[in-house]
Every structure is written in structure tokens, then in C-alpha cells.
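Remarks on the overall topology
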Amino acid sequence: MALMTGEQYIESIRKMKMNVYMFGKKVDCPVDDPILRPSLNSVRMTYDLAQMPEYEDLMTVISPYTGKRINRFTHIHQSTGDLIKKVKMQRLLGQKTAACFQRCVGMDAFNAVFSTTFETDKAHGTHYHENFKKFMMYVQDNDLTVDGAMTDPKGDRSKAPHAQEDPDLFLHIVERRADGIVVRGAKAHQTGVLNSHEVIVMPTISMGPEDSDYAVSFAVPMDTPGITMIIGRQSCDTRKMEGSEMDVGNSEFGGVEALTIFDNVFVPNDRIFLCGESEFAGMMVERFAGYHRQSYGGCKVGVGDVLIGAAAVAADYNGAAKASHVKDKLIEMTHLNETLYCCGIACSAEGHPTESGNYMIDLLLANVCKQNVTRFPYEIVRLAEDIAGGLMVTAPSEADFRDPTLGPVIEKYLKGVSGVSTENRLRILRLIENLSLGTAAVGYRTESMHGAGSPQAQRIMIARQGNLAMKKELAKNLAHIKE
Ligand code: SF4
Ligand code: FE
């Protein structure tokens, strides 16, 4: 089976016996849970769109390793064209879900681990690249969703992994056996982890020789004994349990994060991709982060498209669409959103092959992309709220709207332009609320800040990649300075 249908994907996740907790209770069937289901639907969209002929070129590709048509989310990028298509695919999915569709983390881990294992093997004579290729082809053949787990809890930020008071604050090897390793630790805010068949674990920072037990990368199925997920709360998450799809704003789609604990998890030898070669931890981190910073120039832009559209609809329904300041605000939102897209496309077009043969984005431009993402969505949200008006947060509930006595009163007083129902006006405002303050705000706002690394992480990379010495030389030459 090279491509799964959306339904087959859902059923394949249903069969997995994962250890998931939420609100102090074990969730026996996450697939049918009303709070969690929208996040599964978002990943499902990566399967559904791949089945549609009009998206075949964007969503699928022939694998150079298996020779079969695979989902692009499991692909190893072969060209800058592939990198560009990746960003376009992510924009499309953002437009269709207005949420985080989660599957990119695995794609980005795939490409980072592919090239890093190649270079680690060259330096150390290890066999990690073969291990990874075997795993990669298994994922491609079965069209699996893979999570990428990087962020350790990190404890005291001023201390290296080995110097932490509690050694488990960075995930580490606790036992080396003939048939594999045993690891312990946790990965924080793991996007989509419970909707994934497998997880690739990677180190979270550059490491020195003393941290060699922490320089570890591997893949395991998500129902491996010892793995526990504790679901993170999202703003307004329990609205999904109230039975009103209208009040949720975007009832069908969402994202999800979990604190994921690895309590003495066994990893067999052929699933290990890094095991103690501490000088390669930084390379893996930098490459994964670079790919995921590129990703944000696609996914966040697609969600931005929905938010801009929603603000424009709200203006239409208010009768404010012709006001020049409203038009200008929509232009500004578009300008900001397309600037992010420019960054996503530019770092892809300027990509280059790695030693292993797969394609890497331009790191400087990818970091500039993500740095802009830490700012522009906030401004786009601010302008959307400006256009929407205060009713976005003061509108009565659907229960009041459906009440035989209160409903007609709400209908009368919250009406906008003629020819548009009050219900439609409230629906578009709820969508804006969802994107700016509700469950989707996790993916569109705070994730824009911290996902794929917080702003300072990009500034460090921009400083490193910015080539200031070359720029100084340019200036000195023109000023005829001889030192
Ligand atoms: Fe994909 Fe964006 Fe979610 Fe990352 S934040 S997994 S790039 S949708
Ligand atoms: Fe993310």
C-alpha cells in the first residue's frame, strides 16, 4: 500500500494502543474524543488531498527509493523544486484546515536525519544512514504519519544536559545493551504526537563530549511500552464539548500538543540514528530547525489566507467593506502574509544539495522567514480584530441564539447589512475568534512565536549566517580603506 485514504489513516490510528492522558484521566479512545478529534481531522486532510487528482503533483511524488508514488510528507527532497512544492503544499493545507496539520514535523525530521546520519557515518564508520533509509522506506511504503520530537524540558537553562540536577530533564541513554539502548526523559509540547504512528526523537541543542549520553536519535512506534502523553490545554478547548459547532468557530479542524514521557523505552539497534556522537547533535538540530522554519513560510501563510478572508467577510457583513481604512487594512494583512510566503519560497529556491544528496534550504533565509513569522501573524490578528469589531468577543452563545424567546431579539439587534443573516455574521466572527483567541490561536499565534524555535534562536543563526565580515569588506573597498 503506497497511499492510505483518510479513512484508512483514522482506522490505523484507532488500532494503536497509546497511553494518553487528559484532564486527569486516561483517554481510551483519542480518535473519538470530541476535544482531540479535530486535530486528527487536520492530519487526515494530508491523506484526503493526496487522493484528489487536482492535488496529485503537490501532495504526492514518486519515491526515488521505492519507485512508488508516495505522500510528499514522507519524501526526501531531491531538488529545490521539491522544497518549493513542500511550501506550496503546506499553504494549501493551512487554507483547508486553518489549523496545524502536524505532519510536517516528521517530514522535516526525515530530511534532517537523512543527511546528518550520512555525515555521521562518514566520520565514525557507523551504520545510522542505512538504519534510517530502512525506516524511511517502511514509512513511505505504509504511508505513515511520523512525529519529530526535539524539545526537551531543559530544566535550568544555564546548565548543559549532563550538569542538570535531574539527569532526565534532557532525554538520554540509560542503558546500552547488545540488542539496543534504553532511553529516559521527555519531549515537551509535541505537536501531533498522538496522531502519529511513529516518532523520530532528536537531540535539542548542540552538545559536547560530556553530553554523549544525550546525543541520541531514534524512531519508535507511538504505542511502544514506556511512552506516555499528557495532552496540553488549549484556550477554549472545552467549548468543543458543549455541543455547539457554531460557538467553536472551526469545529472540524484543530491542532494538538502533548508532554511526551519516555520512561525506560527500549530502542532496537536498527532504529538508532545517533548514539553518542555528540559533535553531530548540533548539525541535526540546525538542519531540522532550518527545515521547520521554512515550513512556517507555508502553513502559517495558508492559515493567514483564511483569517484575511474572514476579516473581509466580516467587513462585508458589517457594511464596512468600502471604507478606505478597511481596504487598507486588508492590503496590509495581505502584504504581511505574502512577505512570509516570499521568505518560504526564497529559502527553498536558494536551497542546495547536502553530501547525502537530499536538498537543504538556505539556512539564513529560513531563519529570516521564521523570525518574520514571530511578528507578522500578531499584526495580522490585530488588524483582523480591528476589522471584526468587539462583537467577536461579546456575541451571545448559540444556545441563546436558538432560544425561541431570545433568538428573535438577537436576530434583530445583531443584524448587519440586509440580505445577510445574523447567524452568518456570528459564524464568521466565531471563526476569527477561534483563530485569534481560541484553540487555533495556539497554532497561529503562540506557535508562530515559539514553534520551530523562539525568536532568539533565529537571531543567533542570523548572526552566524549573516556574513558580516564580507559586508565590512564591501564597505572598506568602496571607502578606499587600506588597513
Ligand atoms: Fe506543519 Fe506548521 Fe504545524 Fe509545523 S506548525 S507541523 S509546519 S502545520
Ligand atoms: Fe510547529
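Everything that follows concerns the structure shown earlier in this document.
Residues numbered from 1 in each chain as written. Chains lettered and ligands numbered in written order. Predicted model: local features only at pLDDT ≥ 70, side-chain atom pairs only at ≥ 80, totals over all residues. Heavy atoms only, no water.

Focus: the overall build of the protein
Using the following cut-off: By definition, any uninterrupted DSSP run of H or I lasting at least four residues is a helix, any uninterrupted run of E lasting at least two residues is a strand, and each is numbered from the N terminus. Each residue's exposure class comes from its accessible area (1.4 Å probe, protein chains only) as a fraction of the maximum for that residue type: buried when under 20%, exposed when over 50%, partly exposed otherwise. Any two residues whose heavy atoms approach within 4.5 Å are treated as being in contact. Surface exposure here means Shrake-Rupley accessible area, sampled with a 1.4 Å probe, where a residue is shielded only by the protein chains that are shown. When charges are counted, Lys and Arg contribute as positive and Asp and Glu as negative, whereas His and the chain ends are disregarded. Here the site of a charge means NZ on Lys, CZ on Arg, CG on Asp, or CD on Glu.
Looking only at helices and strands, the protein has 18 helices and 14 strands in total. Expressed along its principal axes, the backbone C-alpha trace of the protein runs to roughly 75 × 70 × 50 Å. Looking at the 483 residues of the protein, the share that counts as buried comes to 55%. A separation threshold of at least 6 residues defines the contact pool for the protein, and within that pool the share at least 24 residues apart is 77%. Put simply, the protein shows about 19,700 Å² of open surface, and 55% of that area lies on carbon and sulfur atoms. Seen as two clouds, the 52 positive and the 60 negative side-chain charges of the protein have centres 4 Å apart.

Digging into unusual backbone geometry
For Ala98, which is not glycine, the phi dihedral falls at a positive 50°. With respect to the helices, strands and loops of the structure, Ala98 is situated in the loop between helix H4 (80–97) and helix H5 (104–124). Taking the relative accessible area as the measure of exposure, Ala98 reaches 4% and is therefore buried. Positioned with a positive phi, Cys236 is a non-glycine residue whose angle comes to about 70°. Mapping Cys236 onto the fold places it in the loop between strand S10 (227–231) and helix H7 (245–248).

A closer look at the sheet that holds strand S2 (residues 25–26)
For clarity, the threshold we go by: At least two bridges found by DSSP between two strands are what make those strands a pair.
The strand order across the open sheet formed by six strands is S2-S1-S10-S11-S7-S6, and the pairing between neighbours is mixed. Looking at the sheet topology across the chains shown, the edges are occupied by S2 and strand S6 (172–177). As paired strands, S10 and strand S11 (residues 257–268) are joined by five bridges and run antiparallel to one another. The residue of S11 that forms the bridge with Ile230 is Leu259.

Things to note about the packing of aromatic side chains
We count it as follows: Only rings of Phe, Tyr and Trp enter the pairing, Trp through its six-membered ring, and a pair is recorded when the two centres are within 6.5 Å. The plane angle decides the type: under 30 degrees is stacked, over 60 is edge-to-face, the rest tilted. Placement of a charge over a ring requires the Lys NZ or Arg CZ to be within 6 Å of the ring centre, with the centre-to-atom vector within 35 degrees of the ring normal.
As enumerated under the stated definition, the model contains 11 aromatic pairs in all. For the ring pair Tyr9 and Tyr47, a centre distance of 4.5 Å and an interplane angle of 15° mean the geometry is stacked. With Tyr9 in helix H1 (residues 6–14) and Tyr47 in helix H2 (residues 37–48), this pair connects stretches of sequence that are 38 residues apart. Tyr9 sits in the buried class, given a relative accessible area of 0%. When the centroid spacing of 5.9 Å and the interplanar angle of 55° are considered together, the rings of Tyr65 and Phe114 count as tilted. Taken as a pair, Tyr65 in the loop between strand S3 (60–62) and strand S4 (69–71) and Phe114 in helix H5 lie far apart in primary sequence, 49 residues in all. The positively charged end of Arg91 is found above the aromatic ring belonging to Tyr341, 4.4 Å away from the centroid. Between Lys300 and the ring centre of Tyr296, over which it is positioned, the NZ or CZ distance is 4.3 Å.

Considering the pairing of strand S7 (residues 180–191)
With 10 of its 12 residues buried, S7 lies for the most part within the structure. With five bridges joining them, S6 and S7 adopt antiparallel strand pairing. If you follow His172 over to S7, its bridge partner there is Arg184. From the end of S6 to the start of S7, which pair antiparallel, there are two residues. Examined bridge by bridge, S7 and S11 share nine bridges and lie antiparallel to one another. Of the residues in S11, the one forming a bridge with Gly180 is Pro268.

Some thoughts on the environment of Tyr138
As for its position among the elements, Tyr138 is in helix H6 (residues 128–142). Assessed through its relative accessible area of 38%, Tyr138 is described here as partly exposed. Sequence separation between Tyr138 and Thr66 is 72 residues; the distance between their C-alpha atoms is 9.5 Å. Setting aside its immediate chain neighbours within four residues, Tyr138 contacts Leu144, Glu198 and Arg271.

Topic: the coordination of the iron ion (ligand 2)
As a reminder, the rule being used: Note that water is not among the atoms used; donors are N, O and S atoms within 2.8 Å of the metal (3.2 Å for Na, K and Ca), so sites may look incomplete.
Around the iron ion (ligand 2), the protein contributes the donor atoms Tyr296 (OH) and Glu447 (OE), at 2.3 to 2.8 Å from the metal centre. With a gap of 151 residues between them, Tyr296 in helix H8 (residues 281–318) and Glu447 in helix H16 (residues 439–450) connect regions that are remote in the sequence. By relative accessible area, Glu447 is classed as buried at 11%.

Description of the site of ligand 1
Under the convention used in this document: Only heavy atoms are used to decide nearness, and a residue is near a molecule or strand if one of them lies within 4 Å of it. When residues are sorted by character, Ala, Val, Leu, Ile, Met, Phe, Trp, Tyr, Cys and Pro go into the nonpolar class, Asp, Glu, Lys and Arg into the charged class, and all the rest, Gly among them, into the polar class.
Near ligand 1, the surroundings consist of Cys100, Phe101, Gln102, Cys104, Val105, His292, Ser295, Tyr296, Cys299, Lys300 and Glu447. Every element with two or more residues in the shell around ligand 1 is listed here: H5 and H8. Of all the elements, H8 adds the most residues to the shell around ligand 1, at five residues. Looking at the shell around ligand 1, its residues break down into six nonpolar, three polar and two charged.

Concerning the sheet that holds strand S12 (residues 272–275)
Test applied: Comment: axis = line fitted to C-alpha atoms, over the contacting stretch for helices; angle = value between 0 and 180 degrees taken between N-to-C directions.
Strand order in the open sheet made by the four strands is S5-S8-S9-S12, with mixed pairing throughout. The open sheet has two edge strands with one neighbour each: strand S5 (146–149) and S12. Each strand of the sheet is rotated relative to its neighbour by a mean of 20°, with strand direction disregarded. Note: strand S9 (residues 216–221) against S12, three bridges, orientation antiparallel. Looking at the pairing, Val216 lines up with Cys275 of S12. Each of S5, strand S8 (198–201), S9 and S12 is contacted by H5, which is oriented at about 65° to S5, the strand it contacts most. Each of S5, S8, S9 and S12 touches H6; the most contacted strand, S12, lies at about 150° to it.

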